[in-house]
Amino acid sequence: EVQLVESGGTLIQPGGSLRLSCAAAGFNFRTYSMNWVRQAPGKGLEWVSFISGSRTTMYYADSVQGRFTVSRDNAQNLLYLQMNSLRAEDTAVYYCVRSAADGDRPFDYWGQGTLVTVSS
Amino acid sequence: QSVLTQPPSVSAAPGQSVTISCSIGSSYIGRNYVAWYQLLPGTTPKLLIYDNNKRPSGIPDRFSGSKSGASATLSITGLQPGDEADYYCGAWDSGLSVVWVFGGGTSLTVL
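The rules behind these values
Residues numbered from 1 in each chain as written. Chains lettered and ligands numbered in written order. Predicted model: local features only at pLDDT ≥ 70, side-chain atom pairs only at ≥ 80, totals over all residues. Heavy atoms only, no water. Pairing = 2+ DSSP bridges. Helix = DSSP H or I, 4+ residues; strand = E, 2+ residues; numbered from the N terminus. Axes fitted to C-alpha atoms, helices over the stretch in contact; angles between N-to-C directions. Salt bridge = Lys/Arg side-chain N within 4 Å of Asp/Glu carboxyl O. Contact = heavy atoms within 4.5 Å. Buried area = accessible area lost by both parts, 1.4 Å probe. Polar contact = N/O pair within 3.5 Å; in protein donor to acceptor, adjacent residues only side chain to side chain.

Let's shift gears to the sheet that holds strand β1 (residues 3–7) of chain A. All names here are of chain A. Judged by pairing direction, the sheet is antiparallel, and its four strands sit side by side in the order β1-β3-β8-β7 without closing on themselves. A single partner strand is all that each edge strand has here, and the edge strands are β1 and β7 (68–73). Strand after strand, the sheet turns through a mean of 15° between neighbouring axes, direction not considered. When β1 meets strand β3 (residues 18–25), the two strands line up antiparallel, connected through five bridges. From the neighbouring strand, Val5 faces β3, where its bridge partner is Ala23.

Written out as structure tokens, the structure reads:
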């Protein structure tokens, strides 16, 4: 069974930094691309970032480009999102999401999400 | 404004059918496959349709997808109260930069 468990969400002040983690289990992690998707309160889904299985390719939404960095540890089956220069508009539930294969494929499994609140 | 445009809401009675449109505003998306997600209240998104018209295992055939030109459609037949949810279309946009885009979401009410 595919399992994706996020952690690291918390209340943080604007301008601060935070690292989210996602522990994956139940599949061959290194052979799948992974993503972060967020949903702000009362808003729709917003894709944040993509990383290929081999870690050679990363993509970012314009709204986080230059502030967020996605990475992964294939030996430990972990996905990360380093978030810097956080803004109020980054407040959202952040989901760890698996692509259906390695590459630009749709998302087939989602974690339960971790809440990031950016507020003073 | 998203390059994928959905109606904010649709509604229909139990047992009836409903369609949700997803207008594609980018030629780079138009070349790519569209997926549909269901977000039930209090749950995480579920993949309903991928590659325009394919269903993952476990998704009932009441749900179907299609794509023609600059528009994709999700159809739901035999509506059930449990279908009341938000529905999102999504696709890769391989334009200047590669990004995944979601439509704004459509709230389905089963009257």
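Next, the rest of the story.
A few words on the pattern of salt bridges. Residues and elements named next belong to chain A. All chains considered together, the criterion is met by six salt bridges over all chains. Asp108 is the partner of Arg98 in a salt bridge, and the nearest nitrogen-oxygen pair spans 2.7 Å. In this pair, Arg98 sits in strand β9 (residues 92–99) while Asp108 sits in strand β10 (residues 107–110), placing the two residues 10 residues apart along the sequence. Taken together, the salt bridges that share partners define one network made up of Arg38, Glu46, Arg67 and Asp90.

Turning our attention to the pairing of strand β6 (residues 63–68) of chain B. All names here are of chain B. Strand direction decides the pairing type here: β6 and strand β7 (residues 71–76), joined by six bridges, are antiparallel. Looking across to β7, one finds that Phe63 is bridged to Ile76. The hairpin turn running from β6 into β7, its antiparallel successor, is two residues long, and Gly69 in that turn takes a positive phi close to 60°.

What follows deals with the interface of chain B and chain A. Listed as interface residues are 16 residues of chain B and, on the opposing side, 21 residues of chain A. Of the roughly 1,600 Å² buried where chain B meets chain A, counting both sides, 68% is carbon and sulfur surface. Where chain B touches chain A, the interface holds one salt bridge. Across the pair Asp51 of chain B and Arg105 of chain A runs a salt bridge whose closest N-O atoms are separated by 2.9 Å. The interface formed by chain B and chain A contains four residue pairs in polar contact (both at pLDDT 80 or more). Those elements that provide at least two residues to the side of chain B that touches chain A are β4 (34–39), β8 (85–94) and β9 (98–102) of chain B. Ranked by residues supplied to the side of chain B that touches chain A, first place goes to β9 of chain B with four residues.

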